[in-house]
Amino acid sequence: MKQSVPSDIGIVDDLDRKILQALQINGRAAFSLIGEVVGVSEQTVARRYRRLREQGVVRVVGLVDPTRLGQLDWMVRITCRPDASGALAAALARRDDVAWVSLTGAGNEIVASLRARTQDAREELLLRRLPKTEQVLDLAAAIVMHRFTGLYDNDWQAYRGGLGDQAVAALAHARGGQPDTVQPDARPSEPSEITSGATVPAAPLLPEDQPLLAALARDGRTPISVLAKASGWSQGRTRRRLDTLIDDGALYLDVDLFMPALGFPLMAMLWMTVEPQHLDAFGNALVKESAVTFAGAITGSSNISAAVALTEVDSLYRFVNRVGDLAPGLRQLEIAPVITRIKQAGSLVIGDRLGEPRPASGR
């Protein structure tokens, strides 16, 4: 099912797409640097970013990667009573350890990513809470064993921002600790969007990190001065701790995009069974397809899961028609259209736009 684009979201043009790509490369890059690499002023980048964020096209969020802290990344499929799926999906989406919550198939299946920071939190959800929920008819959980790296080094950019290699390198090597705080100029505003395979464990999170992490979960571009105030630290200490968390991989910046605004209103989940000896080759070939937003090797009866974003149903048909030719070994393919996306990496989808999640009660 296609998601619609709200009438108050303006056209996302080529400059907007370049700014979005720049943010995917470095979510805390200064507006001045982004302006330099895309060829416009700092003020123009600031205005464009504010518009895109206010209209729910983009949100930059800072998220903890539990896999770098010794925990596991899980994919959960929940079959529930049709009249209860929406409420249960919404409740899951309010949890800060659950992401990518979607209703798929006929709307009675919930697919979500569970990234609990502790074993107790994971077991509380998978072993105690969900199995005892009477609306749940079936529950399957799989470990994501490996995430395949695609054309854009784990960030989907099939909307074609079009930055050159030199611009990409400049953004990738810049420290992102202090985004600009640009005041609006006198001109009228313009009218109206991670790799977890590292083997070296990150330094453990500290209790005093929580205010910093909470602020970044709301807005990954929160200025150092605001983060310091929230943490009760000096700006120097705040900057050093933020850089350490990012460099260690314990914290990463994700860029949530409202894909329909970028011309990709159709999404689907793919569940594939591939002969074990061809698993790596098939996954690496699959993720090089521009339609694929995620592909990972998982445990369970299906051993590869993937997500795709497409322009129309015919594009899905053409993709499925050739997927078996990408590499040897495909034995079975299940396609589950995404009926409704409830939550992305760190943003709720609220009224056909991205918004900030509200904390779950009782947690």
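Relevant structure appears above.
Let me sum up the structure you'll find in this document. Each residue is numbered by its place in its chain's sequence as written, counting from 1. For this predicted model, a pLDDT threshold of at least 70 governs which residues receive local features, and a threshold of 80 or more governs which side-chain atom pairs are given and counted, while totals over whole chains, interfaces and linings are taken from all residues. To get the side-chain values, all heavy atoms of the structure are used, and hydrogens and water are removed first.

## A look at the overall build of the protein
The test is simple: Secondary structure follows DSSP: runs of H or I at least 4 residues long count as helices, runs of E at least 2 residues long count as strands, and numbering of each begins at the N terminus. Buried, partly exposed and exposed residues are distinguished by accessible area as a fraction of the type maximum, computed with a 1.4 Å probe on protein chains only: under 20%, between the cut-offs, and over 50%, respectively.
When its secondary structure is counted, the protein shows 11 helices and 12 strands. For the protein, buried positions account for 53% of its 363 residues.

## Digging into the side chain of Arg341
Quick reminder of the rule: Lys and Arg are tallied as positive, Asp and Glu as negative. Neither His nor the chain termini are counted. A pair is scored as a salt bridge if a Lys or Arg side-chain nitrogen falls within 4 Å of a carboxyl oxygen belonging to Asp or Glu. Definition of a polar contact: a pair of N or O atoms within 3.5 Å, with one able to donate and the other able to accept a hydrogen when the atoms are protein atoms, and with sequence-neighbouring residues admitted only if both atoms are side-chain atoms.
Among the secondary structure elements, Arg341 is positioned in strand 10 (residues 330–343). Of the side chains with opposite charge, Asp256 comes closest to the buried, unpaired Arg341, at an N-O distance of 7.6 Å. Reaching out from Arg341, the side chain makes a polar contact with the side chain of Ser102 at a distance of 2.7 Å.

## Some remarks on helix 4 (residues 85–93)
To keep things clear, this is the line we draw: This arc describes the spread of directions from the helix axis toward the C-beta atoms.
Listing the buried residues of helix 4 in full gives Ser85, Leu88, Ala89, Leu92 and Ala93. Taken down its axis, helix 4 places every buried residue within 140° of arc, on the same side.

## Considering the pattern of salt bridges
This structure, assessed with the given rule, holds 15 salt bridges. Glu289 serves as the salt-bridge partner of Arg322, at 2.7 Å between the closest nitrogen and oxygen. You can see Arg322 sitting in helix 11 (residues 313–323) and its partner Glu289 sitting in the loop between helix 10 (279–286) and strand 8 (292–298), a full 33 residues away along the chain. By relative accessible area, which is 38% here, Arg322 ends up partly exposed. What makes Glu289 buried here is its relative accessible area of 17%. Here Asp314 makes a salt bridge to Arg318, at a shortest N to O gap of 2.2 Å. Highlighted residues: Asp314 and Arg318, both in helix 11, separated by 4 residues, approximately one helical turn. Taking the relative accessible area as the measure of exposure, Arg318 reaches 41% and is therefore partly exposed.

## Here's the deal with the packing of aromatic side chains
Applicable threshold: Note on aromatic contacts: the rings of Phe and Tyr and the six-membered ring of Trp form a pair at centre separations within 6.5 Å, being stacked when their planes are under 30 degrees apart, edge-to-face when over 60 apart, and tilted otherwise. By definition here, charges over rings are those cases where NZ of Lys or CZ of Arg is within 6 Å of the ring centre and within 35 degrees of the ring normal.
All chains considered together, the criterion is met by 3 aromatic pairs. Ring plane angle 50° and centroid distance 5.6 Å describe the contact between Phe31 and Tyr49, whose orientation is recorded as tilted. Remark: Tyr49 occurs in helix 3 (residues 42–54) and Phe31 occurs in helix 2 (residues 31–38); sequence separation between them is 18 residues. Considered together, Phe31 and Tyr49 belong to a single accessibility category, that of buried residues. Grouping aromatic residues by their ring pairs yields a cluster made of Trp156, Tyr159 and Phe264. Taking NZ or CZ as reference, Arg77 lies 4.1 Å from the ring centre of Trp271, over its face.

## Points about the packing of helix 1 (residues 14–25) against helix 6 (residues 165–172)
Packed helix pairs are specified by the crossing angle of their axes together with the interaxial distance, meaning the distance between the axes. Under the convention used in this document: Here an axis means a line fitted to C-alpha atoms, over the contact stretch when the element is a helix, while the angle between two N-to-C directions is reported on a 0 to 180 degree scale. Our angle categories are set so that under 35 degrees counts as roughly parallel, over 145 as roughly antiparallel, 65 to 115 as roughly perpendicular, and the remainder as oblique. Less than a right angle of anticlockwise turn of the near helix away from the far helix marks a crossing as left-handed, whereas a clockwise turn marks it as right-handed. Contacts are residue-level and defined by heavy atoms, with any inter-residue pair within 4.5 Å sufficient. Each residue is assigned to one class: nonpolar for Ala, Val, Leu, Ile, Met, Phe, Trp, Tyr, Cys and Pro, charged for Asp, Glu, Lys and Arg, and polar for all the others, Gly among them.
The interhelical angle for the contact between helix 1 and helix 6, taken along N-to-C directions, is 45°, at an axis separation of 9 Å. Classed by the angle they form, the pair helix 1 and helix 6 counts as oblique. The two elements helix 1 and helix 6 cross, and the hand of that crossing is right-handed. Note on element contacts: helix 6 touches helix 1 through Val168, Leu171 and Ala172, opposite Gln21, Ala22 and Ile25. Taken together, the residues of the contact of helix 1 with helix 6 sort by class into 5 nonpolar, 1 polar and no charged.

## What about the pairing of strand 10?
For the record, the criterion: Two strands pair under a simple rule: DSSP has to find at least two bridges between them.
In this structure, strand 3 (residues 98–104) lies alongside strand 10, joined through 4 bridges in antiparallel fashion. Note that in strand 10 the partner of Val101 across the bridge is Lys343. Note that strand 7 (residues 266–274) and strand 10 share 7 bridges and pair antiparallel. Bridge pairing in strand 10 places Met272 opposite Leu333.

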